[in-house]
Amino acid sequence: MISHIKQFFESHLLIKEIESQNDIDHKLKLGCAVLMYEMIHVDEELHDNEAQKIRHALQQQFDITETETEELLLIAHEEKNNTADYYRFTSLINQHYSQQQKIFLIQQLWHIAYADNTRDKFEDNLVRNISELLHVPHRHFSPTKTHAPQNI
C-alpha cells in the first residue's frame, strides 16, 4: 500500500524533468538580457549608446554573435513585456552564478545605465533592487558604481 502511494506521488506530483546545461545556459542568457533590457528602458528614454552597450555586454559575457545577440534581445523584449517582476530571472541567476559573476552583472548594469552620460534615479533604483535580489552586499554594490564613467 505504501509503495503504491509513493509511486503515485513520484509519478504525479514530483517534477522529474532535469534541465540540460544548454537549457540552463539559455535561461541565464535570457535572464541577464531581460535585466539589461529593462535597464535601457527604465528611464523611458532609449539612447543609441545604451543599445550599443547592451549588445556589447551580452556579446562579451556570453561570447555570442551579432545575430544571436539580436535574437536574444527580441526574446528579452517579449519577456520584459510579459513579466511583472524579476524574481524568476534573479532566482535562476542566484542558483547558477557565483558571487563574482553577480557582481560583474551589476557592473554591466551600471555601464549600461551610464552609457547616455546621465545619472537617472530610476536607473539607480533598478540597479539597487536587482543587487538586493541577487544578494550582492552593499559593500560590493557601491564600489561597482566606481566602474561606471566618472564624468557624470
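As shown above, the structure is provided for reference.
Reading guide: rules and limits
Residues numbered from 1 in each chain as written. Predicted model: local features only at pLDDT ≥ 70, side-chain atom pairs only at ≥ 80, totals over all residues. Heavy atoms only, no water. Buried < 20%, exposed > 50% of the residue type's maximum accessible area, 1.4 Å probe, protein only. Helix = DSSP H or I, 4+ residues; strand = E, 2+ residues; numbered from the N terminus. Core = buried A, V, L, I, M, F, W, Y, C linked by side-chain atoms within 4.5 Å. Contact = heavy atoms within 4.5 Å. Expected span 1.5 Å × (residues − 1). Arc of directions from axis to C-beta. Polar contact = N/O pair within 3.5 Å; in protein donor to acceptor, adjacent residues only side chain to side chain. Salt bridge = Lys/Arg side-chain N within 4 Å of Asp/Glu carboxyl O.

1. Brief notes about unusual backbone geometry
Most peptide bonds take the trans configuration, and most residues that are not glycine carry a negative phi.
Here comes step 1: Despite not being glycine, Asp63 has its phi angle at roughly 55 degrees, a positive value.
Here comes step 2: Its relative accessible area of 69% is what places Asp63 among the exposed residues.
Here comes step 3: A positive phi is found at His135, a non-glycine position, where the angle reads about 60 degrees.
Here comes step 4: Position of His135 among the secondary structure elements: in the loop between α7 (121-133) and α8 (138-145).

2. Some details on the nonpolar core
Here comes step 1: Ranked by internal contacts, the top residues of the largest apolar core, which has 37 residues, are Met36, Ile54, Leu58, Ile93 and Ile106.
Here comes step 2: Of all elements in the fold, only α2 (21-41), α3 (48-62), α4 (66-82), α5 (87-96), α6 (99-113) and α7 reach the threshold of two or more residues within this core.
Here comes step 3: When residues in this core are grouped by element, the largest group, 11 residues, is from α2.
Here comes step 4: Here Leu58 is in contact with Ala33, Met36, Asp63, Ile64, Thr69, Leu72 and Leu73, once residues within four sequence places are set aside.

3. Some thoughts on α7
Here comes step 1: Between the first and last C-alpha of α7 there are 18 Å, a value that for 13 residues agrees with the 18 Å anticipated at 1.5 Å per step.
Here comes step 2: Residues of α7 that are buried: Glu123, Asp124, Leu126, Val127, Ile130 and Ser131. Around the axis of α7, the buried residues are gathered within 165 degrees of arc, so they sit on the same side. Opposite its buried face, α7 presents the exposed residues Lys121 and Glu132, each directed more than 90 degrees away.
Here comes step 3: Two to three positions downstream of the cap, the backbone nitrogen of Phe122 sits 2.7 Å from a side-chain oxygen, assigning the N-cap of α7 to Asp120.
Here comes step 4: Two residues or fewer past α7, His135 is found with a positive phi of approximately 60 degrees.

4. Brief notes about the pattern of salt bridges
Here comes step 1: Inspection of every chain in the model, using the stated rule, returns two salt bridges.
Here comes step 2: Linking Glu70 and Arg55 is a salt bridge whose minimum nitrogen-to-oxygen distance equals 2.5 Å. Placement of the pair is Glu70 in helix α4 and Arg55 in helix α3, with a sequence separation of 15 residues.
Here comes step 3: Overall, Glu70 belongs to the partly exposed group, its relative accessible area being 33%.
Here comes step 4: The partly exposed category is assigned to Arg55, whose relative accessible area is 24%.

From the geometry alone we can't say anything about function, so treat these as descriptive.
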